[in-house]
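What follows is each chain in one-letter form.
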Amino acid sequence: MVRELIGRHDVKEEEDDDDGEKDQIQRAEERLDQVLEHEKENFTPGFLRHIEGECTRIANAPKMTRESARLLQMMRVIQARVVEELGKDLGEGALVLGQLLGYDD
């Protein structure tokens with residue numbers, strides 16, 4: 001599922017004008033929203049721990065390449081969006097708690 005989320009969120013780096021790039025990013029965000037809504041049933045604490053473990057593994061790698069930095073950034077976005085999606089059902093208090101817990105980095 002992580003691969004699908006990353007694939008859906010991946011935006012090609014092209015040298016377009018700003019409007020074209022903004023449109024491309026907006027479409028990628030909309031696709032990510034759809035995947036998050038569709039896969040919501042699969043978002044478990046284990047899935048979130050898996051994402052966190054992958055983020056830690058990438059961040060602690062001996063060499064940080066441009067690609068690994070981009071992957072780490074995408075994983076963190078996905079992690080935040082999954083917590084946000086889960087928070088919709090739990091209410092605003094849970095969302096705030098999730099945000100506070102995210103500050104420990």
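The preceding data block contains the structure.
Residues numbered from 1 in each chain as written. Predicted model: local features only at pLDDT ≥ 70, side-chain atom pairs only at ≥ 80, totals over all residues. Heavy atoms only, no water.

K.L.:
Can you help me understand the side chain of Gln-79 in this one?
P.N.:
By the secondary structure assignment, Gln-79 is in helix α4 (residues 66-90). Not counting residues up to four positions away in its chain, the partners in contact with Gln-79 are Leu-48, Ile-51, Glu-52 and Cys-55. (Helix = DSSP H or I, 4+ residues; strand = E, 2+ residues; numbered from the N terminus. Contact = heavy atoms within 4.5 Å.)

K.L.:
In this structure, what is going on with helix α3 (residues 45-59)? I would like to understand it.
P.N.:
Working note: α-helix, 3.6 residues per turn, so residues spaced by three or four point in the same direction. Here α3 spans 21 Å end to end across 15 residues, near enough to the 21 Å set by a 1.5 Å rise per residue. Within α3 the residues assigned to the buried category are Phe-47, Leu-48, Ile-51, Cys-55 and Ile-58. Within α3, the buried residues cover an arc of 100 degrees as seen down the axis, which keeps them to one side. More than 90 degrees from the buried face of α3, the exposed residues found are Pro-45, Arg-49 and Arg-57. (Expected span 1.5 Å × (residues − 1). Buried < 20%, exposed > 50% of the residue type's maximum accessible area, 1.4 Å probe, protein only. Arc of directions from axis to C-beta.)

K.L.:
Explain the packing of aromatic side chains here, please?
P.N.:
One pass over the structure, following the stated rule, counts 1 aromatic pair. Relative to Phe-47, the ring of Phe-43 has its centre 5.5 Å away and its plane inclined at 25 degrees; by these criteria the two rings are stacked. For Phe-47, a relative accessible area of 9% translates into the label buried. (Phe/Tyr/Trp six-rings, centres within 6.5 Å; stacked < 30°, edge-to-face > 60°.)

K.L.:
Honestly, the pattern of salt bridges in this entry has me stumped. Any pointers?
P.N.:
Pairing between side chains of opposite charge can happen when their charged atoms approach one another. Counted by the stated rule, this structure contains 4 salt bridges. When the shortest N-O distance is used, the salt bridge between Asp-33 and Arg-81 registers 1.8 Å. Taken together, the residues span a long stretch of sequence, with Asp-33 in helix α2 (residues 18-38) and Arg-81 in helix α4 at a distance of 48 residues. Residue Arg-76 is joined to Glu-52 by a salt bridge in which the shortest nitrogen-to-oxygen separation is 3.1 Å. Of this pair, Arg-76 sits in helix α4 while Glu-52 sits in helix α3, and the two are 24 residues apart along the sequence. Each of Glu-29, Asp-33 and Arg-81 takes part in salt bridges that share partners, so that together they form one network. (Salt bridge = Lys/Arg side-chain N within 4 Å of Asp/Glu carboxyl O.)

K.L.:
Please explain the side chain of Ser-68 as it appears in this structure.
P.N.:
By the secondary structure assignment, Ser-68 is in helix α4. The exposure class assigned to Ser-68 is buried, which follows from its relative accessible area of 16%. Within polar-contact distance, the side chain of Ser-68 engages the backbone nitrogen of Thr-65 at 2.7 Å. Those residues in contact with Ser-68 that sit more than four places away from it in its chain are Ile-58 and Lys-63. (Polar contact = N/O pair within 3.5 Å; in protein donor to acceptor, adjacent residues only side chain to side chain.)

K.L.:
Got a minute to help me understand the nonpolar core in this structure?
P.N.:
The tendency in soluble globular proteins is for nonpolar side chains to be buried side by side. Counting residues in each nonpolar core, the largest one holds 12 residues, listed as Leu-32, Leu-36, Phe-43, Phe-47, Leu-48, Ile-51, Cys-55, Ile-58, Leu-72, Met-75, Ile-78 and Val-82. Of all the secondary-structure elements, those providing two or more residues to this core are α2, α3 and α4. For this core, the element with the most residues is α3, which contributes 5 residues. In this structure Cys-55 touches Leu-72, Met-75, Arg-76 and Gln-79, once residues within four positions along its chain are discounted. (Core = buried A, V, L, I, M, F, W, Y, C linked by side-chain atoms within 4.5 Å.)

Treat this as a map of the structure, not an account of what it does.
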